[in-house]
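# Remarks on the overall topology
Okay, here's what each chain looks like letter by letter:
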Amino acid sequence: MTVKQMRLVVEVEDYDAAVAFFRDALGLTEEAAFSGGDGAQVMILEAGRATLELANPAHHRYIDEVEVGRPVAPRFRIAFEVDDAAADTDKLTAAGAETVAPPTQTPWRSLNSRLDAPGDLHVTLFEELDAQPPHSPPKAAQQ
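Residues numbered from 1 in each chain as written. Predicted model: local features only at pLDDT ≥ 70, side-chain atom pairs only at ≥ 80, totals over all residues. Heavy atoms only, no water.

As annotated in an unreviewed UniProt entry, the protein chain carries the name Glyoxalase/Bleomycin resistance protein/Dioxygenase superfamily protein and comes from Asanoa hainanensis.

## Here's the deal with the sheet that holds strand β5 (residues 110-117)
This is how it is decided: Pairing between strands is defined by DSSP: at least two bridges between the two strands are required. Here a helix means four or more residues in a row that DSSP labels H or I, a strand means two or more in a row labelled E, and each is numbered from the N terminus. To obtain an axis, a line is fitted to C-alpha atoms, over the contacting stretch when the element is a helix, and the angle between two such axes runs from 0 to 180 degrees between their N-to-C directions.
Taken together, four strands build an open sheet; the order of strands is β3-β6-β5-β4 and the sheet is mixed. The strands lining the two open edges of the sheet, one partner per strand, are β3 (78-81) and β4 (98-105). Between one strand axis and the next, the sheet turns through 15° on average, direction left out of account. Pairing geometry for β3 and strand β6 (residues 121-128), over four bridges, is parallel. Looking at β6, one finds that A79 is bridged to T124.

## Overview of the pattern of salt bridges
In plain terms, the rule: Counted as salt bridges are all cases of a side-chain nitrogen of Lys or Arg within 4 Å of a carboxyl oxygen of Asp or Glu. Each residue is placed in one exposure class: buried if its accessible area under a 1.4 Å probe, protein chains only, is under 20% of its type's maximum, exposed if it is over 50%, and partly exposed if it falls in between.
Under the definition given, this model contains six salt bridges. Measuring nitrogen to oxygen at the nearest pair gives 2.8 Å for the salt bridge that ties R114 to D64. Highlighted residues: R114 in strand β5 and D64 in helix α2 (residues 57-67), separated in sequence by 50 residues. Each member of the pair, R114 together with D64, is buried. If you follow the salt bridges from partner to partner, you end up with R23, D24 and E30 in one network.

Take a look at the structure:
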């Protein structure tokens, strides 16, 4: 089997607010949109490269502690890599997100913020501080 795409499907109560936030404020590209009977609507937004990050409960708690200082994340959260975590956190807060934690430098050299976004989604914005070519091994492994 070859997986060609990962698509996260999220039911949102306020569809218009979620579209305005993720498409218009965050800048995800609209790939397709469909509507059906009884007011059914869906929009597929392109978000660059997708990965699936699996974490055990201890790591889940550790990430919350590092990024926020307390447990806050539900079972899943969406993380977006951006060029400027501080400016983009301000932009998304102005667009309707609630800042849970401001941009914080992590031990793995990224600048991460946490937001509660429209659609009842918990979001991390992260900016890599030590740029590495895609798919290169971590610096420690290169030595």
